[in-house]
Amino acid sequence: GYRMRSILLLVILSLLALSLVSCNPGHPHGSYRYWNKGSKVTDNNYLVRALFVIKQTNLDLLEDLLNRVSNPNSNEYGHYLTMEEVNYMTAIPSSSLSVYNWLNSISASDIEVTADNAFINAFIPLDTFEREFETSVHMYHAMDDSNREIIRVESYTIPAALVSHIDYIYNINHFPQSIMKPFI
């Protein structure tokens, strides 16, 4: 029931956090090789949507606890944490606040912080985004017959004010799977 869903969610969040920590945030992720770089985006009214993954604390303790509550030989077996307990254990509210304040200072809009302080979604004006993240935003075209286009960057630099507060910025350099026709 509820306890099992909580532990499954805990496992998924833990794996996500560990995988995000291990990736190199400044370079393309996903299926980059299936996309052709097109023209630079020049519409200064364009807003770059970015999802900031806030650093978490106590991930080593969380992993240890996960191993104990999942081990039938442990005295803590089956004593799962609620999502609120996991959030309390891992969140760094001061980091969320720092990122939120920084986003406000650069005129980001529609800034939304998740209740658990784990993510912040924001829309950043194109020229501001390129300046702050030392990057260029381009249109990319799928190398299949789908005519799909996405707007991404190849690389970026995390501003010094954010380095100690975020692990990753999603939705700016992740390239989705493109459907390729088999070579015959």
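Conventions we followed
Residues numbered from 1 in each chain as written. Predicted model: local features only at pLDDT ≥ 70, side-chain atom pairs only at ≥ 80, totals over all residues. Heavy atoms only, no water. Pairing = 2+ DSSP bridges. Helix = DSSP H or I, 4+ residues; strand = E, 2+ residues; numbered from the N terminus. Axes fitted to C-alpha atoms, helices over the stretch in contact; angles between N-to-C directions. Salt bridge = Lys/Arg side-chain N within 4 Å of Asp/Glu carboxyl O.

Brief notes about the sheet that holds strand E7 (residues 149-152)
Here is step 1: One open sheet accounts for 3 strands, arranged E2-E6-E7; its pairing is antiparallel. Each of the sheet's edge strands pairs with one partner strand only, and the pair in question is strand E2 (35-40) and E7. Across the sheet, the mean angle separating the axes of adjacent strands is 35° when strand polarity is ignored.
Here is step 2: Summarising the sheet, E2 and strand E6 (residues 138-142) pair through 4 bridges and their orientation is antiparallel. In the strand pairing of E6, Asn 36 is matched with His 141.

Thoughts on the pattern of salt bridges
Here is step 1: Summed over the entire model, instances satisfying the criterion amount to 6 salt bridges.
Here is step 2: Between Glu 154 and Lys 37 there is a salt bridge whose closest N-O contact spans 3.2 Å. With Glu 154 in the loop between E7 and strand E8 (166-170) and Lys 37 in strand E2, the pair connects residues that are 117 residues apart, well separated along the chain.
Here is step 3: The shortest N-O distance in the salt bridge between Glu 130 and Lys 40 comes to 2.8 Å. Placement of Glu 130 in helix H5 (residues 126-132) and of Lys 40 in strand E2 is noted, with a sequence separation of 90 residues between them.

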